[in-house]
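Each chain is listed here by its residues.
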Amino acid sequence: MAQVSLRDRNLTQTRDVAPARQKNVGLLGVSLFIASESMFFLGLFLAWFFMRNTSDAWPPAGVTPPPIAPAIFNTAVALLSAFAVGLADRAIARDDRRGLVGGTVVAGALGVIFMAVQAIEFTELATLAQSSAYGSAFTFLLLFHVLRVFVGVILMAVLLVRALIGHFSSKRRLLVQATAMYWYFITGVWLVVFAVLYLIG
Amino acid sequence: MASISIPIPLRERAKSGVLGWLATVDHKKIGIMYMVMSFAFFIAAGLMALLIRLQLAAPNLQVVDPNTYNQLFTMHGSAMIFLFTIPMLVGGFGNYFVPLMIGARDVAFPRLNAFSFWITLGAGLVMLIGFVFGARSDAAWTAYVPYSTKAYSPTVGMDIWLIGIILLGIGSTLGAVNFLVTVYSMRAPGMTAWRIPMFVWAMATTAVMVLLATPVLTAALIMLVADRNFNTQFFVANRVQLWQHMFWFYSHPAVYIMILPAMGIISEIIPVFSRKPLFGLRAVVISTVIIGLLGFTTWVHHMFVSGVDPAIERFFMFTTMVIAVPTGVKVFNWLATLWGGSLNFKTPLLMCLGFLATFVIGGISGVMQGSIPIDQYVHNSYFVVAHFHYVLFGGSVFGIFAALYYWGPKITGRMFDEKLGKLHFWLMFIGFNITFFPMHFLGLQGMPRRIATYDPGRGWELGNLIATIGAFILAFSVLIFIINAIKLRHGERATDDPWEGNTLEWSTSSPPPEYNFLEIPTVTSDRPLFDERMRTPHM
Amino acid sequence: MVSPVTRDAALINDLYNVILIFAIIVFILVEGLLIYSVIRFRRRSADEMPQQIHGSRTLELVWTVVPAIVIAVIFALSVDTMSRMTARGTLSNPVAHVHAINDVAARQRVERAQPVDLVIEVIGRQWVWQYKYPGGDGVMTNEELVVPANKNIRLDMTAADVIHAWWMPQLGPMIYVNPGEMSYVWFNVPPGEYIGQCNVYCGVAHARMISKVRALPQAEYDEWYAKQAAASSAATRPGDPEIGRDLFMNGSCIACHYIEGTKAQGKVAPRDLTKFATYPTIAQLDGFENNAENLAKWLRDPQAIKPGTAMPNLNLKAQEIEDLVAYLLSLK
Ligand code: HEA
Ligand code: HEA
Ligand code: CUA
Ligand SMILES: [Cu+2]
């Protein structure tokens, strides 16, 4: 019998089971992974609010919160990049590979800009992190968010390279969809981070 | 049996030998590796328990010095929970039997599965090797701050412990994703929700709990690592409860992560050995899911004397006690399954009866602790130690041995020696109760846990001595199991279906081939094999 | 349970006994059904086929509702007990926790909770309980708390380092004593001696962090207190090595110190004291010669001699110091 790849094997096996069920196996995996990632951030947010509620002053006396301007700028960047990812995904659904390439380039570039802005901030955050619980939680939320952006940018690069060698089509775009989902998730987390750290304080 | 024919995929020919194991992505081989690994950690952690019991056998003994004692119970607890019970149930049985029971040829993401195993093994080895070479944590498995911060636990052992647990968390989270996708999308044709075997239901619920609870612990662990090594300020004084909240947000669900699969196991075995369907299958499934959900709402019962707002405490007292109701539903349904059955007292069933007899005691003492005033008396005493060994050993470990005896023939193709099996069961059952029942009284007599020794004259001598004797009976019983397992090589050959099983794993050969099933069966009830037997009376 | 001597402890005990009855009923029911089935339903022949019963809605309902009622009763009883325990109406918790040490509002609630005759400050530290008496004459004890009997006592507790827990089983509920927070307990005990110990794991000598309460009739208490007040300033007789040894072996010293062949097996202090008298200096401090005078200074306040040392100030009385010095210098 011919050798069959893993993915195909699952397809053959489950085709007769429930066609609708198995189609989104990969995406289901990604959604579950995202659920778990959300809980990680939920944990950090809970820590933030717990410490906020048990402290006399928040931020504590003598600690100045970082400026809000870069964060506002980054919020715009994040939203734009999510838009670009959406376009890229939509494009490949129409078999428009050039649209995919364009979308990933824009989104990836915006991701890099986002990271650059954060990196500039981090030079100051390092001392903030050691100043107080406020500073530590602040830094952690930014740090672990930006690590996700980093992963997202790498995924973008993978998409780009594979799109350039001609991978993906309207029928085979699982990785594009998965990356898009993850990217939306990162953007969503950023909005919450922004609201909690900078707006609520 | 009606079945459909699907071309059997061949991977690059199953490699044999060491490489075959190291490079495998076969869920069965991975399952076996998990089982062997966890059992090894069980022996290691059990030997630590024996040292603990020796030290406490009489007042003011110095079998080990207090520092070593503290390191021993820290590693004993951590290893039993993170390196034995969870990987054995979820990684071992879950991996091996979930795909078989749903009629699949593997899990959804086989390579991710292998990755989960290696990361778990790596973390376990790091923790154990660190322990052997003296890099030990002594902060208890709960690692409360500020004791676990740099100021009071300056050793690198603490960092190793923290990093080990982080890695274990990553391994089990990935595993959970895998299980859920597998169960959702790879079931045999006809396996609708109510035809999914109970064990699979339990594993799916467990996987959801792992998925949602673990990341919170991971966050807390990373925060502590950062506090210790990068001078962040999360766990400074005035906030000692933060760690406790984050820790128990994971670790209370974790206790259900350890019991639900064991409950799933006995829900499979009891019907087979009573020749009856599981009584109230739907009620059992629903209560499993409810336990899983409620499990997320009770963590503060570990903090009833920590200084939490009384109104909040009362809420958690309520949710804690409520869990007794769905758990009771399961217990009564198991009893009803036995009732009127045709009970075949083979070792697997005995282990299930052991589970029932002892778990109930642990459950009841759990409800007692759930009452805030009582917890303000028994918290952190040996009453609690008795409680959790009754649920963990009496529940999970009896469940694990039930599974080993039940599925052993399927995995190895050989039958266990029944006589030794029964001897193992009785010694373990008796030894277990001798070890842990007296601990209830020790706790009520005011003996705190985690003490390296104690003075005479407080009424604790007898109870401790008895417990120590019991622990050695227990160890002896485990020794008998090991002998039985070694004798397996020359055991009687197992047929495909030695127990007249109900679920799909018994429809394939023992041990199953790489691809599990030649043909994927079509399922028409919750007991496909039982129906099959009924159609062909003489088997 | 250990026989209760306070109202709160008695309430807990009563609740425990009631719940125990429910527990025993559930236990007998489950084990009874189990044993009955095991005896009654063993397989008699290889092809025996029992009736295939898949379930019963009525039964499911029964064993959902009945335990739910039992649980509701247990819950109600527990809440009722909580509301009847001391300090009712303030924090509705028999033992009170206040977050920040300087939380004024909470502090006032505690003050109003119940009239008290004596307030004692308690510090939990690795690995000794220290009790500071009010009155400004510097009376302070370690490990053993002496109180007047049948009086309302309040302990204002905090921790100096890690979490400890106050647990005197006969005196009522246990409570964590957290660093940076205040915890309070109220009690009123008959004359007698009570023992308990720290109940949160706090390090090497956690097992040795004993707490004792000795309740004396008022007159005897006053006498004791007067003696303490005097003793904290001067010794009345020369040091006695026998008494010193008892102090050492029954005190917190053994938590940290090692003396071969004795109960003192602590491993916190760097040097063992088996042959202490032969060391030329104390605490390996250059120029701090090992003699009676210096040793007394060291024991009175180690921090003053060697700032930052891990040995705490144990607030020893002058007489105790004399006795300990005599004992320590006999170790050759
Ligand atoms: C497998 C693990 C497991 C399981 C299943 C449970 C189950 C339960 N546990 Fe346990 N628990 C632990 C493992 C587990 N626990 C561990 C490890 C600790 C200590 C951690 C540490 O500090 O190190 C702990 C500690 C612990 C505490 C904290 C004690 C303290 O430190 O002060 C409490 C308090 O409420 C508690 C309660 C319960 C309850 C109410 C249940 C319930 O789920 C039990 C429900 C079951 C039944 C009740 C029996 C069957 C029901 C019936 C037959 C119906 C009729 C019954 C009645 C009407 C009562 N547990
Ligand atoms: C699944 C979980 C699990 C299991 C199975 C066990 C099993 C055992 N536990 Fe464990 N225990 C915990 C989980 C578990 N424990 C946890 C979470 C803690 C809390 C830790 C903390 O406080 O942080 C704890 C704490 C704990 C304490 C309290 C320590 C303290 O607070 O000071 C004690 C004391 O007796 C104890 C005893 C035992 C014994 C005797 C066994 C026995 O059942 C072990 C039996 C097994 C063996 C003995 C090994 C196999 C035997 C052989 C290989 C035979 C050959 C050997 C010889 C005869 C030499 N345990
Ligand atoms: Cu202090 Cu334990
Ligand atoms: Cu719990």
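Along each chain, the written sequence defines residue order, and numbers are assigned to residues from 1. To label them, take the chains in the order written and letter them from A, then take the ligands in the order written and number them from 1. Only residues with pLDDT of 70 or above have their local features reported here, since the model is predicted, and side-chain atom pairs are shown and tallied only from 80 upward, although totals for entire chains, interfaces and linings are computed over all residues. Note that water and hydrogens are dropped before the side-chain values are worked out from all heavy atoms of the structure.

**Some remarks on the overall build of chain C**
Then step 1. The secondary structure content of chain C amounts to nine helices and eleven strands.
Then step 2. Here the C-alpha coordinates of chain C stretch approximately 90 × 55 × 35 Å along the principal axes.
Then step 3. Here chain C, with 332 residues, has 49% of them falling under the buried criterion.
Then step 4. Relative to all contacts within chain C whose residues are 6 or more apart in sequence, the contacts with residues 24 or more apart total 62%.
Then step 5. Computed with a 1.4 Å probe, the accessible areas rest on the Shrake-Rupley method; for each residue, only the protein chains presented here act as cover. Per element, the accessible surface of chain C, about 14,900 Å² overall, is 58% carbon and sulfur.
Then step 6. Counted as positive: Lys and Arg. Counted as negative: Asp and Glu, with His and the chain ends omitted from the count. Where a charge sits is defined by one atom per residue type, namely NZ (Lys), CZ (Arg), CG (Asp) or CD (Glu). Positive and negative side-chain charges in chain C, numbering 30 and 33 respectively, have mean positions lying 5 Å apart. For the purposes of this entry, the term helix denotes a DSSP run of H or I that reaches at least four residues, the term strand denotes a run of E that reaches at least two, and both are numbered from the N terminus. Three exposure classes are used, based on accessible area relative to the maximum for each residue type with a 1.4 Å probe and protein chains only: buried under 20%, partly exposed in between, and exposed over 50%. Pairs of residues are marked as contacts when any of their non-hydrogen atoms sit within 4.5 Å.

**Some details on the coordination of the iron atom of ligand 1**
Residues and elements named next belong to chain B.
Then step 1. Any nitrogen, oxygen or sulfur atom within 2.8 Å of a metal ion counts as a donor, with the limit raised to 3.2 Å for Na, K and Ca, and since water is left out, coordination shells can look unfinished. You will see that the iron atom of ligand 1 has only one donor from the protein, His387 (NE2), lying 2.2 Å away.
Then step 2. A gap of 4.5 Å separates the iron atom of ligand 1 and the copper ion (ligand 4).
Then step 3. Examined against the element boundaries, histidine 387 turns out to sit in helix H13 (residues 382-412).

**A word on the pairing of strand S9 (residues 182-187) of chain C**
Residue and element names in this part refer to chain C.
Then step 1. Most of S9 sits out of view: six of its six residues are buried.
Then step 2. Side-chain alternation along S9 places Met182, Tyr184 and Trp186 on one buried face and Ser183, Val185 and Phe187 on a second face that is also buried.
Then step 3. Only strands joined by at least two bridges in the DSSP assignment are considered to pair. Bridge count between strand S6 (residues 153-159) and S9: five bridges; the pairing is antiparallel. Note on S9: the bridge partner recorded for aspartate 156 is tyrosine 184.

**Quick notes on the interface of chain C and chain B**
A common way to report how large an interface is uses the accessible area buried once the components associate.
Then step 1. Counting from both sides, the interface comprises 87 residues of chain C and, opposite them, 94 residues of chain B.
Then step 2. Note on chain C versus chain B: buried area summed over both sides is about 7,500 Å², and carbon and sulfur give 67% of it.
Then step 3. A pairing counts as a salt bridge when a side-chain nitrogen of Lys or Arg comes within 4 Å of a carboxyl oxygen of Asp or Glu. Across the chain C-chain B interface, the total number found is one salt bridge.
Then step 4. Under this definition, polar contacts are N or O atom pairs within 3.5 Å; protein pairs additionally need one hydrogen-donor-capable and one acceptor-capable atom, and for neighbouring residues in sequence, both atoms have to be side-chain atoms. The interface formed by chain C and chain B holds 27 residue pairs in polar contact (both at pLDDT 80 or more) in total.
Then step 5. At the level of elements, helix H1 (7-40), helix H2 (57-84), strand S8 (175-177) and strand S10 (192-197) of chain C are the ones that each hand at least two residues to the side of chain C that touches chain B. Two parts lose some accessible area (1.4 Å probe) when they are put together, and adding that loss for both gives the buried area.

**Focus: the arrangement of the chains**
Then step 1. Looking across the two pairs of chains in contact, one finds the most contacts between chains B and C.
Then step 2. Chain A shows no contact with chain C. Their nearest C-alpha atoms sit 8 Å apart.

**Things to note about the pairing of S6 of chain C**
All names here are of chain C.
Then step 1. With seven of seven residues buried, S6 is to be regarded as a mostly interior element.
Then step 2. Residues Ile153, Leu155, Met157 and Ala159 of S6 are buried on one face, and the alternating residues Arg154, Asp156 and Thr158, pointing to the opposite face, are buried as well.
Then step 3. Summarising the sheet, strand S2 (residues 118-125) and S6 pair through seven bridges and their orientation is parallel. Looking at S6, one finds that isoleucine 123 is bridged to threonine 158.

**Focus: the domain arrangement of chain C**
Residues and elements named next belong to chain C.
Then step 1. One can read the domain layout of chain C as domain 1 (1-35 + 60-85), domain 2 (96-231) and domain 3 (241-328).
Then step 2. A C-alpha centroid distance of 31 Å is found between domain 1 and domain 2.
Then step 3. Across the boundary between the two partners, domain 1 contributes nine residues, which contact eleven residues of domain 2.
Then step 4. With both sides pooled, the region where domain 1 packs onto domain 2 buries about 650 Å², and carbon together with sulfur makes up 68% of that total.
Then step 5. By the criterion of area lost to domain 2, the three top residues of domain 1 are Val2, Val5 and Thr6, representing 63% of everything that side buries.
Then step 6. Our count for the domain 1 to domain 2 interface comes out at zero salt bridges.
Then step 7. Run the count over domain 1 and domain 2 and you get three residue pairs in polar contact (both at pLDDT 80 or more).
Then step 8. All residues other than Ala, Val, Leu, Ile, Met, Phe, Trp, Tyr, Cys, Pro, Asp, Glu, Lys and Arg, Gly among them, are scored as polar; the first ten of these are nonpolar and the last four charged. The class makeup of the residues in the side of domain 1 that touches domain 2 is six nonpolar, two polar and one charged. The split of the chain into domains comes from an automatic or database domain assignment.

**As for the site of ligand 1**
Then step 1. Nearness is judged by heavy atoms alone; a residue qualifies as near a molecule or strand once a single heavy atom is within 4 Å of it. Within the structure, ligand 1 sits among 33 residues, and Tyr256, Asp375, His379, His387 and Arg449 of chain B are positioned closest to it.
Then step 2. What surrounds ligand 1 is not a single chain but chains B and C.
Then step 3. Residue glycine 370 of chain B places a main-chain N or O atom 3.3 Å away from an oxygen atom belonging to ligand 1.
Then step 4. Here histidine 379 of chain B contributes a side-chain N or O atom positioned 2.6 Å from an oxygen atom of ligand 1.
Then step 5. Mapped by element, the contributors of at least two residues to the shell around ligand 1 are helix H7 (240-274), helix H10 (324-338), helix H11 (347-370) and H13 of chain B together with H1 of chain C.
Then step 6. Residue composition of the shell around ligand 1, by class: 18 nonpolar, twelve polar and three charged.

**Thoughts on the packing of helix H5 (residues 97-131) of chain A against helix H7 (residues 174-200) of chain A**
All names here are of chain A.
Then step 1. Fitted lines through C-alpha atoms give the axes, limited to the stretch in contact for helices. The angle between two N-to-C directions lies from 0 to 180 degrees. The geometry of H5 relative to H7 is characterised by a closest axis approach of 13 Å and an angle of 30 degrees between their N-to-C directions. The angle between the axes of H5 and H7 places the two elements in the roughly parallel class. The element H5 and its partner H7 pack so that their crossing is left-handed. From H5, Leu100, Ala107, Gly111, Phe114, Gln118 and Glu121 reach across to H7, where they touch Val176, Trp183, Trp190 and Tyr198. Roughly parallel means an angle under 35 degrees; roughly antiparallel means over 145; roughly perpendicular covers 65 to 115; every other angle is labelled oblique. Crossings are classed by handedness, with left-handed meaning an anticlockwise turn of the near helix from the far one by less than a right angle and right-handed meaning a clockwise turn.

**Digging into the site of ligand 2**
Residues and elements named next belong to chain B.
Then step 1. Taken together, 33 residues surround ligand 2, and among them Arg53, Tyr69, His76, His389 and Arg450 come closest.
Then step 2. Here an oxygen atom of ligand 2 sits 2.8 Å away from a polar atom, N or O, in the side chain of arginine 53.
Then step 3. Here an oxygen atom of ligand 2 sits 2.6 Å away from a polar atom, N or O, in the main chain of arginine 450.
Then step 4. Elements represented by at least two residues in the shell around ligand 2 include exactly helix H2 (27-56), helix H3 (66-101), H13, helix H14 (418-444) and helix H15 (461-487).
Then step 5. The element that contributes the greatest number of residues to the shell around ligand 2 is H2, accounting for eight residues.
Then step 6. Considered class by class, the residues forming the shell around ligand 2 number 25 nonpolar, five polar and three charged.

**Digging into helix H4 (residues 69-93) of chain A**
Residues separated by three or four positions in an α-helix point in the same direction, a consequence of the helix having 3.6 residues per turn.
Then step 1. Across its 25 residues, H4 of chain A extends 37 Å between first and last C-alpha, which sits within 8% of the 36 Å expected from 1.5 Å per residue.
Then step 2. Of the residues one or two after H4 of chain A, aspartate 95 of chain A is the one with positive phi, at around 65 degrees. Under the convention used throughout, the expected extent of a helix is 1.5 Å for every residue step, that is, one less than its residue count.

**Examining a nonpolar patch on the surface**
Residue and element names in this part refer to chain A.
Then step 1. Judged by side-chain polarity, Ile68, Ile72, Leu199 and Ile200 come together as a nonpolar surface patch covering roughly 360 Å² of accessible area.
Then step 2. Along the chain, isoleucine 200 falls in helix H7.
Then step 3. Taking relative accessible area as the criterion, isoleucine 200 reaches 47% and is therefore assigned partly exposed. Each patch is built from residues lacking any salt bridge and having more than 30% relative accessible area; the joining distance is 9 Å for like charges and 5 Å for nonpolar side chains (Val, Leu, Ile, Met, Phe, Trp, Tyr).

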